[in-house]
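Report on the structure
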Amino acid sequence: MVRVLFVCLGNICRSPTAEGVFRKLIQDQGYEADIEIDSAGTHAYHVGEPPDSRAQQTAHQRGIDISQLRGRKVLAGDANVFDYVLAMDHENYQNLLRIFPQHEHQKIGLFMQYANQRVEQEVPDPYFGGAGGFDRVLDMIEEASIGLLNNIKQRHKL
Ligand code: 4NP
């Protein structure tokens, strides 16, 4: 089993969207038995809350239901569980370096490194912007998800 954790700041916009998009992709391609996924935030502002309504709506427009997800904070123990811990931006990445022990740092990466056609390294925080920001976030997440799944399939011989 390969385990992937998506991480953003609040766990109500970007990382639950990534969890929903990536789950649909592995369902569509038949890898549900091989890959387990979760998401978390580096801050506790929105623990226990469902995803932001704009994130829910944008995902819903693409046939993805993230309404059942609930915010949680990243735990130091997540380092023992997950093989890939993928940050949406550099700030989350730096926070993960502080939360995880040094010998687990090689698991931490930037999610956008898996997007083929992108020069952007970060999925921008859409929380304080308009609805259009969520569409852009979804486009970026869909692209990185395809690259990530291809990477996992190759590396783990799935
Ligand atoms: P996320 O977006 O990190 O993509 O879930 C945010 C959600 C909430 C806040 C910031 C970003 N906030 O400041 O409450």
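Residues numbered from 1 in each chain as written. Predicted model: local features only at pLDDT ≥ 70, side-chain atom pairs only at ≥ 80, totals over all residues. Heavy atoms only, no water.

1. Looking at the site of the ligand
Short version of the rule: Whether a residue is near a molecule or strand depends on its heavy atoms: if one lies within 4 Å, it is near. Counted as a polar contact is a pair of N or O atoms within 3.5 Å, where, for protein atoms, one must be capable of donating a hydrogen and the other of accepting one, and residues adjacent in sequence contribute only when both atoms are in side chains. Values of accessible area rely on a 1.4 Å probe in the Shrake-Rupley scheme; residue burial ignores everything except the protein chains shown. Each residue gets one of three labels, nonpolar for Ala, Val, Leu, Ile, Met, Phe, Trp, Tyr, Cys and Pro, charged for Asp, Glu, Lys and Arg, and polar for the others, Gly among them.
For the ligand, the full set of nearby residues is C8, L9, G10, N11, I12, C13, R14, Y45, H46, D125, Y127 and F128. A distance of 2.9 Å separates an oxygen atom of the ligand from a polar backbone atom of L9. When the ligand sits alone it has 360 Å² of accessible area, and the protein chains cover 92% of it. Split into classes, the residues belonging to the shell around the ligand amount to seven nonpolar, three polar and two charged.

2. Quick word on helix α1 (residues 14–29)
Convention followed: What counts as a helix is a DSSP run of H or I of at least four residues, what counts as a strand is a run of E of at least two, and both are numbered from the N terminus. By this rule, a helix spans an expected 1.5 Å times one less than how many residues it contains. Each residue is placed in one exposure class: buried if its accessible area under a 1.4 Å probe, protein chains only, is under 20% of its type's maximum, exposed if it is over 50%, and partly exposed if it falls in between.
In this model α1 runs 22 Å from its N-terminal to its C-terminal C-alpha over 16 residues, within 8% of the 22 Å that 1.5 Å per residue would give. Along α1, the residues that are buried comprise R14, S15, P16, T17, A18, E19, G20, V21, F22, L25 and I26. Just past α1, the residue G30 takes up positive phi, approximately 80 degrees.

3. Considerations on the nonpolar core
In summary, soluble globular proteins display a tendency toward joint burial of nonpolar side chains. Our working definition: In plain words, nonpolar cores are sets of buried Ala, Val, Leu, Ile, Met, Phe, Trp, Tyr and Cys residues tied together by side-chain atoms within 4.5 Å. What makes two residues a contact is simply this: any of their non-hydrogen atoms within 4.5 Å.
Counting 36 residues, the largest nonpolar core has V4, F6, F22, I35, F111 and L148 as the members making the most contacts within it. Of all the secondary-structure elements, those providing two or more residues to this core are β1 (2–8), α1, β2 (35–41), α2 (53–61), β3 (84–87) and α5 (132–155). Among the elements that line this core, the one with the most residues is α5, at nine residues. Residues contacting F22, with those up to four places away along its chain left out, are V4, F6, I35, I37, S145, L148, L149 and I152. Ranked by size, the runner-up nonpolar core spans twelve residues in total, among them A79, V85, F100 and L110.

4. A few points about the pairing of β2
Inclusion rule: Strand pairing is defined by DSSP finding a minimum of two bridges between the two strands.
Of all seven residues in β2, five are buried; the element is thus mostly enclosed. One ladder, built from seven bridges, connects β1 with β2; its direction is parallel. Residue pairing in the sheet places L5 in a bridge with D38 of β2.

5. Looking at α2
As a reminder, the rule being used: Picture the helix axis, draw a direction to every C-beta atom, and the arc is the one those directions span.
Taken together, the buried positions of α2 are A55, T58 and A59. The arc that holds every buried residue of α2, seen down its axis, measures 100 degrees, which confines them to one face. Every exposed residue of α2 that faces more than 90 degrees away from the buried side is listed here: S53, H60 and Q61. Next to the buried residues of α2 lie α1 and α5. Near the N-terminus of α2, the side chain that reaches the backbone nitrogen of R54, with its oxygen 2.8 Å away, is that of D52. Count one or two residues on from α2 and you reach G63, which has phi positive near 80 degrees.

6. Considering the sheet that holds β3
Worth spelling out the cut-off: For helices, the fitted axis covers only the stretch in contact; all axes are lines through C-alpha atoms, and the angles between them, taken along N-to-C directions, range from 0 to 180 degrees.
With respect to topology, four strands assemble into an open sheet ordered β2-β1-β3-β4, the strand pairing being parallel. The open sheet has two edge strands, β2 and β4 (108–110), and neither has a second partner. Sheet twist, expressed as the mean angle between neighbouring strand axes with direction ignored, is 25 degrees. Against the sheet, α1 makes contact with β1 and β2, and its axis sits at roughly 170 degrees relative to β2, the strand it touches most. Packed onto the sheet, α5 meets β1, β2 and β3 and runs at close to 160 degrees relative to β3.

7. Examining the packing of aromatic side chains
For the record, the criterion: Between rings of Phe, Tyr and Trp, where Trp is taken as its six-membered ring, a pair exists when centres lie within 6.5 Å; planes separated by under 30 degrees are stacked, by over 60 edge-to-face, and by other angles tilted.
Counting across every chain of the model gives three aromatic pairs. Aromatic pair F6 and F22: ring centres 5.7 Å apart, planes at 75 degrees, arrangement edge-to-face. Placement of F6 in strand β1 and of F22 in helix α1 is noted, with a sequence separation of 16 residues between them. Judged by its relative accessible area of 0%, F6 is buried. Taken together, a centroid distance of 4.8 Å and an interplanar angle of 80 degrees make the contact between Y127 and F128 edge-to-face. Overall, Y127 belongs to the partly exposed group, its relative accessible area being 28%.

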